[in-house]
Number of protein chains: 2
Amino acid sequence: MNGAESLVKTLLASGVDTVFANPGTSEMHFVGALDSHPEMRCILCLFEGGTSGAADSYFRMKRDVSATLLHLAPGFGNAFANMHNGRKAGSGIVNIVGEHATHHLAYESPLKGDLDGMVATVSQWSRRSTDAPSVARDGAETVRAARALNGQIATLVLPADTAWTPAETHVTAAAPAPLHRPEPERIDAAARRLSQLGAVLMLGRHALFGEDLELAARIAAKTGARLFSDTAISRLSLGAGAPRITQLPYAVPQKAAALEGASSITLVGLHRPVTFFAYPGTSSLPEPADCEIDDLCRPEMDISWTLRALADATGAQSTAPAVNDMPPPAVPTGPATGEKTGLALAALLPDNAIFLNEAVSNGRNYASALRAARPIDVLGSTGGSIGWCLPGAVGAATACPDRKVVAVTGDGSAMYTMQSLWTMAREGLDVTVVVLANRGYQILRGEMTNVGIRGYGANASAMLDVENPTLDFVALARGHGVPATRAEDMETFARALTDGIAAEGPSLIELVCP
Amino acid sequence: MNGAESLVKTLLASGVDTVFANPGTSEMHFVGALDSHPEMRCILCLFEGGTSGAADSYFRMKRDVSATLLHLAPGFGNAFANMHNGRKAGSGIVNIVGEHATHHLAYESPLKGDLDGMVATVSQWSRRSTDAPSVARDGAETVRAARALNGQIATLVLPADTAWTPAETHVTAAAPAPLHRPEPERIDAAARRLSQLGAVLMLGRHALFGEDLELAARIAAKTGARLFSDTAISRLSLGAGAPRITQLPYAVPQKAAALEGASSITLVGLHRPVTFFAYPGTSSLPEPADCEIDDLCRPEMDISWTLRALADATGAQSTAPAVNDMPPPAVPTGPATGEKTGLALAALLPDNAIFLNEAVSNGRNYASALRAARPIDVLGSTGGSIGWCLPGAVGAATACPDRKVVAVTGDGSAMYTMQSLWTMAREGLDVTVVVLANRGYQILRGEMTNVGIRGYGANASAMLDVENPTLDFVALARGHGVPATRAEDMETFARALTDGIAAEGPSLIELVCP
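Residues numbered from 1 in each chain as written. Chains lettered and ligands numbered in written order. Predicted model: local features only at pLDDT ≥ 70, side-chain atom pairs only at ≥ 80, totals over all residues. Heavy atoms only, no water.

**Q** How should I be thinking about the relation of the copies chain B and chain A in this particular structure?
**A** A rotation about an axis combined with a shift along that same axis relates the two copies of the chain. With an RMSD of 0.0 Å, the operation that places chain B on chain A is a rotation of 180° combined with a shift of 0.0 Å along the axis. On this basis, the relationship between the two copies can be described by a two-fold rotation axis. Here 100% of the interface residues in chain B have copies in chain A that are interface residues too; the copies meet face to matching face. (Least-squares fit on C-alpha atoms with pLDDT ≥ 70 in both. Contact = heavy atoms within 4.5 Å.)

**Q** Please explain the interface of chain B and chain A as it appears in this structure.
**A** Quite often, the size of an interface is put as the accessible area lost when its parts meet. The interface is formed by 96 residues belonging to chain B together with 97 residues belonging to chain A. Each partner contributes to the roughly 8,000 Å² buried at the junction of chain B and chain A, and carbon and sulfur atoms together form 66% of this total. Counting across the interface, chain B meets chain A through 2 salt bridges. Note that Glu-108 of chain A and Lys-88 of chain B form a salt bridge whose closest N and O atoms lie 3.4 Å from each other. (Buried area = accessible area lost by both parts, 1.4 Å probe. Salt bridge = Lys/Arg side-chain N within 4 Å of Asp/Glu carboxyl O.)

**Q** Explanation requested: the sheet that holds strand E16 (residues 431–437) of chain A in the structure shown.
**A** Strand pairing in a sheet is mediated by backbone hydrogen bonds. Such pairs are either parallel or antiparallel. All names here are of chain A. With mixed pairing, 7 strands are arranged side by side in an open sheet as E9-E14-E13-E15-E16-E18-E17. Across the chains shown, the open sheet's two edge strands, defined by having one partner strand only, are strand E9 (236–238) and strand E17 (484–487). If you compare each strand with its neighbour and ignore which way they point, the axes differ by 20° on average. Pairing of strand E15 (residues 405–410) with E16 involves 6 bridges; the strand directions are parallel. The partner of Val-406 across the bridge, within E16, is Thr-432. Packed on one face of the sheet, helix H3 (residues 48–62) meets strand E13 (354–358) and strand E14 (376–380) and runs near 145° to E14. Packed onto the sheet, helix H14 (residues 389–399) meets E13, E14, E15 and E16 and runs at close to 170° relative to E15. (Pairing = 2+ DSSP bridges. Helix = DSSP H or I, 4+ residues; strand = E, 2+ residues; numbered from the N terminus. Axes fitted to C-alpha atoms, helices over the stretch in contact; angles between N-to-C directions.)

**Q** Honestly, the side chain of Ser-6 of chain A in this entry has me stumped. Any pointers?
**A** Residues and elements named next belong to chain A. For Ser-6, the location among the structural elements is in helix H1 (residues 3–13). Overall, Ser-6 belongs to the buried group, its relative accessible area being 0%. Leaving out residues up to four positions away in the same chain, Ser-6 has contacts with Met-1, Val-135, Ala-136, Ala-167, Thr-169 and His-170. (Buried < 20%, exposed > 50% of the residue type's maximum accessible area, 1.4 Å probe, protein only.)

**Q** Got a minute to help me understand the sheet that holds strand E14 (residues 376–380) of chain B in this structure?
**A** All names here are of chain B. The 7 strands lie next to each other as E9-E14-E13-E15-E16-E18-E17, forming an open sheet whose pairing is mixed. For this open sheet the edge positions go to strand E9 (236–238) and strand E17 (484–487), each flanked by a neighbour on one side alone. Taking each pair of neighbouring strands and ignoring which way they run, the sheet shows an average axis angle of 20°. Where E17 meets strand E18 (residues 507–512), 4 bridges bridge the pair, whose relative direction is parallel. Note on E18: the bridge partner recorded for Thr-485 is Ile-509. With respect to the sheet, helix H14 (residues 389–399) is in contact with strand E13 (353–358), E14, strand E15 (405–410) and strand E16 (431–437), its orientation differing from that of E15 by roughly 170°.

**Q** Which parts of the structure should I look at to understand the packing of aromatic side chains?
**A** The way to describe two aromatic rings as a pair is by their centre distance and the angle between their planes. Within this structure, the stated rule accounts for 11 aromatic pairs over all chains. Look at Tyr-250 of chain B and Phe-276 of chain B: their rings are 5.0 Å apart centre to centre, the planes differ by 50°, and that puts the pair in the tilted class. Here the residue Tyr-250 of chain B occupies a position in the loop between strand E10 (246–247) and helix H10 (252–258), and Phe-276 of chain B occupies one in the loop between strand E11 (264–268) and strand E12 (292–297), the gap between them amounting to 26 residues. We note that Tyr-250 of chain B, like Phe-276 of chain B, is buried. By way of ring pairs, the aromatic residues Phe-47 and Tyr-416 of chain A together with Phe-47 and Tyr-416 of chain B are connected into one cluster. (Phe/Tyr/Trp six-rings, centres within 6.5 Å; stacked < 30°, edge-to-face > 60°.)

**Q** What is the right way to look at helix H8 (residues 184–194) of chain A in this model?
**A** An α-helix turns once every 3.6 residues. As a result, residues three or four positions apart point the same way. Residue and element names in this part refer to chain A. Within H8 the residues assigned to the buried category are Ile-187, Ala-190, Ala-191, Arg-193 and Leu-194. When H8 is viewed along its axis, its buried side chains cluster within an angular range of 165° and face the same direction. Facing away from the buried side of H8 by over 90 degrees, the exposed positions are Pro-184, Glu-185 and Arg-192. (Arc of directions from axis to C-beta.)

**Q** Help me out: how do you make sense of the UniProt feature "domain: Thiamine pyrophosphate enzyme TPP-binding" (unreviewed entry) in chain A in this one?
**A** On the UniProt side, "domain: Thiamine pyrophosphate enzyme TPP-binding" (unreviewed entry) is annotated at positions that read residues 371–510 of chain A here. Secondary structure across residues 371–510 of chain A comprises 42% helix and 19% strand; the distance between its end C-alpha atoms is 24 Å. (UniProt positions renumbered as here; feature names shortened; annotations may be inferred.)

**Q** I'm lost on the pattern of salt bridges in this one. Help?
**A** Side-chain pairs of opposite charge can arise where the charged atoms are in close proximity. One pass over the full model with this rule turns up 55 salt bridges over all chains. Salt-bridge contacts for Asp-56 of chain A lead to Arg-60 of chain A; the nearest nitrogen and oxygen are separated by 2.8 Å. Within this pair, Asp-56 of chain A and its partner Arg-60 of chain A are both found in helix H3, separated by 4 residues, close to a single helical turn. The residues Asp-56 of chain A and Arg-60 of chain A share a single accessibility class, namely buried. As a salt-bridge pair, Arg-272 of chain B and Glu-287 of chain B come within 2.7 Å of each other at their nearest N and O atoms. Pair noted here: Arg-272 of chain B is in the loop between E11 and E12 and Glu-287 of chain B is in the loop between E11 and E12, with a separation of 15 residues, a long-range link. What emerges from the salt-bridge pattern is a single network uniting Arg-186, Arg-193, Glu-292, Asp-294 and Asp-295 of chain A.

**Q** Looking at this structure, I do not really get the side chain of Ser-52 of chain B. What am I missing?
**A** Residues and elements named next belong to chain B. Structurally, Ser-52 is set in helix H3 (residues 48–62). Judged by relative accessible area, Ser-52 falls into the buried class, the value being 0%. Contacts of Ser-52, omitting those with residues within four sequence positions, involve Thr-68, Ala-79, Asn-82, Met-83 and Ile-93.

**Q** Can you help me understand the pairing of strand E11 (residues 264–268) of chain A in this one?
**A** Looking down a regular strand, the side chains alternate between one sheet face and the other. All names here are of chain A. Burial within E11 is extensive, with 5 of its 5 residues counted as buried. The two faces of E11 match: Ser-264, Thr-266 and Val-268 on one face and Ile-265 and Leu-267 on the other face are all buried. Two elements, E11 and strand E12 (residues 292–297), share 4 bridges in a ladder whose sense is parallel. Residue Val-268 lies in a different strand from E12, and its bridge partner there is Cys-297.

**Q** How should I be thinking about the UniProt feature "domain: Thiamine pyrophosphate enzyme N-terminal TPP-binding" (unreviewed entry) in chain A in this particular structure?
**A** Here the UniProt-annotated "domain: Thiamine pyrophosphate enzyme N-terminal TPP-binding" (unreviewed entry) positions come out as residues 1–106 of chain A. Here residues 1–106 of chain A runs as 49% helix and 19% strand, with 27 Å between its end C-alpha atoms.

**Q** Teacher, can you tell me more about the environment of Val-466 of chain B here?
**A** With respect to the helices and strands, the residue Val-466 of chain B is situated in the loop between helix H18 (458–464) and helix H19 (473–479). Along the chain, Val-466 of chain B and Ala-13 of chain B lie 453 residues apart, while their C-alpha atoms are 48 Å from each other.

**Q** What should I look at first to understand the nonpolar core in this one?
**A** Buried together is how nonpolar side chains tend to be arranged in soluble globular proteins. If you look at the biggest cluster of nonpolar residues, it comprises 210 residues, and the most contacted ones within it are Phe-30 and Leu-356 of chain A together with Phe-30 and Leu-356 of chain B. In contact with Leu-356 of chain B, not counting residues within four places along its chain, are Leu-379, Trp-388, Cys-389, Gly-392, Ala-393, Ala-396, Val-405, Val-406, Ala-407 and Val-408 of chain B. (Core = buried A, V, L, I, M, F, W, Y, C linked by side-chain atoms within 4.5 Å.)

**Q** Looking at this structure, how should I read the domain arrangement of chain A?
**A** Residue and element names in this part refer to chain A. Taken domain by domain, chain A holds domain 1 (3–164), domain 2 (184–314) and domain 3 (338–512). One C-alpha centre belongs to domain 1, the other to domain 2, and the line joining them spans 34 Å. At the interface, 9 residues of domain 1 touch 10 residues of domain 2. Summed over both sides, the interface of domain 1 with domain 2 buries roughly 780 Å², with 45% coming from carbon and sulfur. Contact with domain 2 buries surface across domain 1, with Arg-60, Arg-63 and Asn-150 losing the most and accounting together for 59% of the total. Summed over the shared surface of domain 1 and domain 2, the result is 0 salt bridges. If you look at where domain 1 meets domain 2, you find 6 residue pairs in polar contact (both at pLDDT 80 or more). Those elements that place two or more of their residues in the side of domain 1 that touches domain 2 are H3 and helix H4 (72–89). (Domains from an automatic or database assignment. Polar contact = N/O pair within 3.5 Å; in protein donor to acceptor, adjacent residues only side chain to side chain.)

**Q** Is there a simple way to think about the environment of Leu-227 of chain A in this case?
**A** Residues and elements named next belong to chain A. Here Leu-227 shows up in strand E8 (residues 226–229). Using a relative accessible area of 7% as the deciding quantity, one classes Leu-227 as buried. In sequence terms Leu-227 and Leu-429 are 202 residues apart; their C-alpha atoms lie 35 Å from each other. Excluding its chain neighbours within four sequence positions, the residues that come into contact with Leu-227 are Leu-201, Leu-203, Leu-213, Ala-216, Ala-217, Ala-220, Arg-244, Ile-245 and Thr-246.

**Q** Where do I start with unusual backbone geometry in this structure?
**A** The phi torsion of most residues other than glycine is negative, and most of the peptide bonds are trans. Cis geometry marks the peptide bond from Asn-468 of chain A to Pro-469 of chain A; its omega dihedral reads 5°. Of note in the backbone geometry, Leu-149 of chain A takes a positive phi value of approximately 55° without being a glycine. Along the chain, the position of Leu-149 of chain A falls in the loop between helix H6 (132–147) and strand E6 (153–159). Its relative accessible area of 34% is what places Leu-149 of chain A among the partly exposed residues. With a phi angle near 75°, Asn-352 of chain B is a residue other than glycine that sits in the positive phi range. Here Asn-352 of chain B is to be found in the loop between helix H12 (338–348) and E13. On the basis of relative accessibility, which here comes to 37%, the residue Asn-352 of chain B falls in the partly exposed class.

Structure (C-alpha cells):
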C-alpha cells in the first residue's frame, strides 16, 4: 500500500464514496489507487469547474460530502468559481489536489504555481501532506473538516511523493466537533422579539427545507413574524404542502419594499442580507434604518437546535404552519416569455423534482410561480458566479438518482461550464436541461440602466449581447452526446419538457425567449 | 469624466487599444466608458479563460500588451489557468478587475471573495485603486508594470466607486525601467565556455525568433556550441530559412539523451530546464551530473543585449548561421496518425503562418517535422495548463490580422475553453482549428505507465478515456457558429486543411487519429 491507497481507503472508511475528478500526471498514483477500489464512484468532468459545482450540489442534496480530484494550481484555479459558490452555499467539499513531488518544487517547472495561495483563497481548512505515513491521518482530518461547522471547503494538497511512497494504514474520520449554540438569554430575547409588530424571521442553509423549515413556519404562525429567505438560497422547499416563505427579491427597490415595515430581523443560518452589488447613492442594506438586526444563529452554528429552542420558547411546537395550497396553473400557450416559462414549470415539474434555477434574468420570478407546483426542492445561485447550474445538475442527480432533476439556465451562463452535459450523458444522469436563449447577458443590460447609463453603442453591445453568431444549443448538446430540441412557443416547450421528464437520462431544450 | 473613463483614456494614451472582456455588474461603468471610445477594440469572450489566453498570445505575437476585463474574484479565478500560462511565457498582460464598491466590502455579499489573494497568486505586480482621482495614475503604472522586465502579469483592482466617481485627467504610461544586463566578466566567461567541447547554448523568450535567434545561431556556428530551446516555448521560428535549434523533448529519457555529453549549459532568457513532472527514482534534472549550469541572462534581463555582447565576445557577428533547408515533405496518405499529421502540416502550412500546438501527445514530434515547412512561428504551451490553444488562437489572430493562424489541439484540451470558437466567428478571425480526436487523455495513459502502473480497470479508464459518449466536434463547432468537417484519413484531412487555409475566417477540422 502506498500513500495514495491509504488515502482512498481512508475516504471510503470515512463514508466518502464519490469523487468528481479531473486528474493530471501528478495524480496518477491516486488514480491507480482509485482503480483498485471500484466501490469508489469516479465521475470524470472535462473541466474542473464541473467537479466543484457537482460537489457543491451533491452536498446540498445529500447533506454529506463528496470529493474532488484536481491537478495543481491551474486545476484548482479552474475549480475556483464553483468552489466560491459552494463556500457561499455552506457546502462541505473534500478537495484532493495533486502537487509536484516535494523535491521537484525546488525548480521552476512549467506547472509550478502558488498552489497554497490558491487554496487559501477559498478553503476554510487546508493541509499539505508532508510524508506518506501522514496521508491517511491528513485525509481523515480533511473529511472531518469538510463536515464541520455545517459544511466547509476542506482541501488536502497531496505531493506526488507522499502518494507513491509506501504507507501502512488507513484512518476513519472522527465526527466533527459539536456546533455552537446561542445562549439561552438570546433565545428568550428572540422569542419575545418575534411576537412584536414588524418582526421578521430570516432563514438560511438547511433551515430552508425539511423539518427545520417546518419548525420555523410554526414559529412564524404562532408569533405573527414574517418568514423570509435571502435572495441567494442553497436549497429551498417549494410547491404544494411546503411552508410559505418569501424569497427576498434581487433588485434593490423590490428588496427594500419586501422589508418595508420590518422592526427586527432575526437571522438563523445566514449573514445579514445585503444588496448583490452597490450602486451610486444607494445603501447596501435593504432594511429600514431603525430595524434591529440579531444574528442569533450564524451559518456555522447549530441551526436545528436553535429552531427547536425558539419553538419551545414561543410555544409553537404544535402550531400549524401556513403551507402552499394553490392549485397548479394551466400550461400557458403562445409565444415564449420568462413569466410563462415559470408557469409552465409550475404546471409540469413532477413530484419530488430537484429544480436548479440559473435563469439569471428570467428566473427571478420562478419562486413565486413554483409555490403552486408539486412538492420540489429548488437549488439556487449562492455565490453569484455563473456557470454553477449544469455542474450542479450533475451533483444533484448523482446524489439523488431516484429524483428527476430539471435545470434551467440562461444562455450566457450555460456557456461557462457546458462540458457537464457530457458527464450527464456518460453517467446516464436523469437531468432535463432548459436553456433560456435571450441572446445576451440580459441582466447586464438591466444593470447598465441601474448604474445610470441609458442607450449605448457598438462597444457596449459587443459586451452585453451574445449574438452574431447565434449560439445553436441544440448542436452544442448533441456534440456533447445529449439529445436536444428547440422551442419558440409554449406549446412546443410544454411537449418537449413533458417528453424530457418522461424519458430517463439527460436531454436539453433550447427555449428561445426574450 | 469619471474614474472609469479616465482609465480608458489612460489605456488608449498609453498604446493599449485592445481589451479581451468578460464583464459583470461591477464593471458596468467601465463598459460605459469603453462604449464612448470606439477606438478601443472590445472582444467579448464567453468565459474568462478566453480572455487571459488571448492576451497571452497577443503579447507573444505583438510584443506589446493588451488588457483583460474581469469580474471580481470568481472571474479572476476562471482566468487563472491561462494567466499562469501567460506568466510562464513571460507575457505582459494588463488585467482590469472590477471589484465591489469599497463601502460594500463591509458586508458578506454573494460575490465577495478573496480577490486580493487570487490576484497575488499569479500577478507579478498589482494595485487596488483607492479613489477615482488615483485611477488614471494607477492605470498608467499597471501598463508600465506589464511592459517591465520583458513582460509581466500586472493587475489593477478597480472598486466600482472609484469607477463611477468623477475624475479629471488621464495619464500616459512611462516607459519601463531599463533591463538588467550580465556583468562583462560573465559575458567573457560564457564566451570562452561556449567554445569548449560539449557546450550548450539554451534560449528562451524572444531569443527564439527574429534577430535574437539569428544572432544566437551565429554564436553557435562560430563556437560549435549546440543550440537548444526548452521543451516549453512561448514562440519559436521554424521552417525554411529559420536557424536550426533543437527543442528539448518532453519525455525524461529523451530529454536526458538530448543533453548527453553536455559539459555546460549557458542559459539566455530562461530558467534551468527540468522535467515537467517528477517520477519515482528519477532526477528532476535532465543534464549530466557534472554539467555546469550558468544562468547568464535570466528571463527578466536584457536578452537582446546579452546575445549581442556574446556575439561580439565570440567574434560571431558575421558567421553564417546554420538554417533549415529541407524541402517540404509530400502530403501523406492513408489512415491518419500523429506522425503523418505533422508531415501534412509541414507540407501545407502557408508562408508566415502562426501555428499553435496543443496536440498534447501527438504534437511532440511536430517541431522536427516543421523544420521542413515554409517559414512559420510556432506558439507552444508554457505553463502546462491545457486549454490555452483556442484562446491563444484568438489572441494571435487579433494581433496579426494579416497572417493565417492554424491551431492544433487534442480533444481533451479542446474541451476546456471551447467558447473561443464563438469569439473567432464573431470577430471573423482567420483561424483554422484542427482537433486531434484520440478519444482520451492520451498523455495520461502514457503517464500511468511512467509511474509504474500497468494495466488498469474501470475507474482508471473512466478518468483517462474521453469516450462514451463520443464527442462530436463538428456539431460543437457549428453550435459555436464555426463551419466544420471531419476527416479520418490523410487525403480528406489534406483537402480540408487546404480549404480551411484558403478560406478567410474560422473553420474546424476534427481529425480522428489514434
